[in-house]
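Given next are the chains, with one letter for each unit.
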Amino acid sequence: MKNFSIKPPQVIILIFLIVLIGLAYVLQMDLIVLFNESLIKLVMNGVLVLSLIPMLNAGAGMNFGLPVGITGGLVGLCIAVNFRLTGFSGFFMSLLLSVPICGMLGWLYGLILNRVKGREEIAGTFIGFSVIPLMNYFWTLAPFQNRQMLYPIGGQGLRPKISLEPYFYNVLDQFCLIKIGGIEIPLGLLAFYGLICLFLYLFFRSKVGRAIIATGENEAFSKLSGIDIAGIRLIAVILSTILAGIGICVYSQSYGFIQLYDEPLSMYFPAISAVLIGGSTGRRTYIFEAVLGAYLLQTIYLLTVPIANQILIPEVTEILRTLITYSIILYALLYRDKRGIVH
Amino acid sequence: MRLRQRAEQLFNIEHIVPVVFLFLSFFAWQVSGLTGTFVFNQVLTRFIRDGILVLSLIIPVVAGMGLNFAIIVGAMSAQAALLFVISCQVAGLGGILSVIFLSISLSVVLGFAIGHVLNRVKGKEMIVTIIIGFLANSVYQLVFLAGFGTIIPVANKEIILSRGIGVRNAVDLSMYRNTIDKFWLLKIEGLEIPLFMILVVLLFGGMIYYLLHTRFGREVKAAGSGSEKAEVAGINVNLLRIKVIILSMVLAALGQLVYLQNIGMFDVYTAHMNADIFSCAALLAGGASIKSAKIRHALIGIFLFHTLFIVSPQAGQNLFHNAALGEYFRSFVAYGTIAFALIINVKRENM
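To start, this report covers the structure provided alongside it.

Side note on the overall build of chain A
- Helices and strands together make up the secondary structure of chain A, namely 14 helices and four strands.
- Scaling as 2.2 N^0.38, a compact globule of 343 residues should have a C-alpha radius of gyration of about 20 Å, and chain A matches this with 20 Å.
- Across its three principal axes, chain A shows a C-alpha extent of roughly 60 × 55 × 35 Å.
- A total of 343 residues make up chain A; the buried ones form 48% of that total.
- In chain A, the share of contacts with a sequence separation of at least 24, taken over all contacts with a separation of at least 6, comes to 77%.

This is how it looks when you write it as structure tokens:
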């Protein structure tokens, strides 16, 4: 069934990547260090990319409402930091807290998306946009006690950037770190990522998972065969939201900061374009595609920074990134429906 | 049963959203403690600033294409035209005319392209126009931050950053500032009423109203109520949709020019930001939906939306001693209104 033909976006991305690696070599950058970083970046952003899969498979489109799940995860992180939990207990506590929070948010989000069938993407975009200012109220008014999280002056409201350095910065990154020569392989981090991939793989083998895929492929047929479409879609949305929450926890422990307020808005377009680069067409998506796409996109992001600083104007890096991201999403939106019929 | 029908008529979306806005703005105004004169003057300024931008959204809605978030591209083409003319140092009336000419031609070309693209994705126009807006913003930044001074030679060194590449963040428009705003400025006890500009906005509204009642307008309505029906009636729907988008883009470009000359300061990289979101929210606040929009929705909506917009930071300051909370509230209102319209409308379709 699976069609491995390479499509225009992948060709462009691969050419771009090869040019960048060539440039990095010519500019005598340390390719081994870049490789080490690329592995961390893969997992750092990879879980967020994986979180898109359940909704894509259920036929609910690209999850432009990703900020819903991200903010849920951030609440979990903030509570864990508020109680000054360090190391693994802090990290797992934030995961444990973000799962029910995201589950609830996902349930609400799913109920709304079930009402706007066929327009999930535009509705999701604006639900995501609206969640941000609502959560800004929470960040400002919630009674957090830890002084290190609050604004130094005034004492009201969380800082936009909370350092995780004293708590659980890099706990996963440093866990079982294997060094061979200059190459560092973060085995613990990769294992965590692998576990989530495995979970998703097994989930889509289960009865519910199969029902999700069937709903995404042919809703009318699934309805006839007795699948509760609304319920199945709700499960997919909840799962997507929970994974997004876990994704932001992993991201933050790697990055070293909890980023609040408007920051979630800058995270979901890269995630969506990553899954598209991997070969997803905006419908049925395989885990392999999400992993590959996350790796390719993050490696490109990683390479553009030093190169642009050396040969271009610094601001151009960020612009080029967004340019790539949006072009890929636009391409997918324009060519999706045609391919959907061909399969 | 009849009672229920009456209730539904009374509480349909066309009335309920403006009433909610009216209530919210009145409450926020009371809390903010701002004087009525100040708020009224500010709202009038916003009315002439954003009026044409909001009006530019109406025709695509009538054509069944939903909210055209790509008006931000029209706004950017006006800004690009302005920057090109300033960089070539064309001053005076010739400068103004060439800005208008250039921005219209740019927006026609871009509108043509976007119209073609939208014909591929019927039923998903809104999400595509949003992404087009983001993409165009990246291209715009690339051109003016990296292209100016490197690939594109610039005669006017004043607008270029000291490193010789890229346009400055802010370009002064004092030579154009308020050139037309001050015509027929009525002053009644502290109220300043720029009568001429109000008439200009109303004139644009009248033009759109007239256009929707010509043959072209009837065709647009037919296309909006169902493509197949319109095809049967012998209308070339695809061509019509392209025309609609071009018209909307040209109006947006002109609207952005009015906006910039009113502000008098041109923030090169941020002036167009949110032009699409705020215009859409204003239109919806007036009672429009993503399926139907009338001139009066736009005109009422600007008043309601911007009243709330002006008073909410001060209201937040007074209520919570934190002006930021008022700003969160107004961005929530802007995004939330659009989200609400999207959710509600589809629900009604399903019924």
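A closer look at the overall build of chain B
- Looking only at helices and strands, chain B has 14 helices and four strands in total.
- Over its C-alpha trace chain B gives a radius of gyration of 21 Å, about what one expects of a compact globule, namely 20 Å for 351 residues.
- Projected onto the principal axes, the alpha-carbon positions of chain B cover approximately 70 × 55 × 35 Å.
- When each of the 351 residues of chain B is scored for burial, the buried share is 49%.
- Counting contacts in chain B only where the partners sit at least 6 residues apart, residues at least 24 apart contribute 72% of the total.

Focus on the interface of chain A and chain B
- Contacts between the two partners involve 30 residues from chain A, matched on the other side by 34 residues from chain B.
- Listing elements by their share of the side of chain A that touches chain B, those giving two or more residues are α5 (87-115), α6 (120-141) and α14 (314-342) of chain A.
- For the side of chain A that touches chain B, the class distribution of residues is 19 nonpolar, seven polar and four charged.

With respect to the nonpolar core
- One finds Ile329 of chain A together with Ile71 and Ala281 of chain B to be the most contacted residues of the largest nonpolar core, which totals 214 residues.
- The element that contributes the greatest number of residues to this core is helix α11 (residues 237-263) of chain B, accounting for 17 residues.
- Residues contacting Ala281 of chain B, with those up to four places away along its chain left out, are Phe305, Ala334, Thr337 and Ile338 of chain B.

Looking at helix α12 (residues 275-285) of chain B
- Within α12 of chain B, eleven of the eleven residues are buried, leaving the element largely enclosed by the surrounding structure.
- Trailing α12 of chain B by a residue or two, Gly287 of chain B shows a phi angle of about 110°, which is positive.

Describing the packing of helix α4 (residues 66-82) of chain A against α5 of chain A
All names here are of chain A.
- Remark: α4 packs on α5, axes separated minimally by 7 Å, with the N-to-C direction vectors making an angle of 145°. α5 is crossed by α4, and the crossing has right-handed handedness. Where α4 approaches α5, its residues Val68, Gly69, Gly72, Gly73, Val75, Gly76, Leu77, Ile79 and Ala80 are matched on the opposing element by Gly90, Met93, Ser94, Leu97, Ser98, Ile101, Cys102, Leu105, Gly106 and Tyr109.
- Considered class by class, the residues forming the contact of α4 with α5 number eleven nonpolar, eight polar and no charged.

A look at helix α2 (residues 31-50) of chain A
Residue and element names in this part refer to chain A.
- Taking 1.5 Å of rise per residue, 20 residues should cover 28 Å, and α2 covers 27 Å from first to last C-alpha, within 8% of that figure.
- At Met44, α2 shows its maximal bend, which comes to roughly 30°.
- Residues Leu39, Ile40, Leu42, Val43, Met44, Asn45, Gly46, Val47, Leu48, Val49 and Leu50 constitute the buried set of α2.

How each quantity is defined
Residues numbered from 1 in each chain as written. Chains lettered and ligands numbered in written order. Predicted model: local features only at pLDDT ≥ 70, side-chain atom pairs only at ≥ 80, totals over all residues. Helix = DSSP H or I, 4+ residues; strand = E, 2+ residues; numbered from the N terminus. Rg over C-alpha atoms; globule rule 2.2 N^0.38 Å. Buried ≥ 20, exposed ≤ 12 C-beta atoms within 10 Å, placed from the backbone. Contact = placed C-beta atoms within 7 Å. Nonpolar A, V, L, I, M, F, W, Y, C, P; charged D, E, K, R; others polar. Core = buried A, V, L, I, M, F, W, Y, C linked by C-beta atoms within 7 Å. Axes fitted to C-alpha atoms, helices over the stretch in contact; angles between N-to-C directions. Left-handed = near helix turned anticlockwise from the far one by under 90°. Expected span 1.5 Å × (residues − 1). Bend = angle between axes of the 7 residues up to and from the residue.

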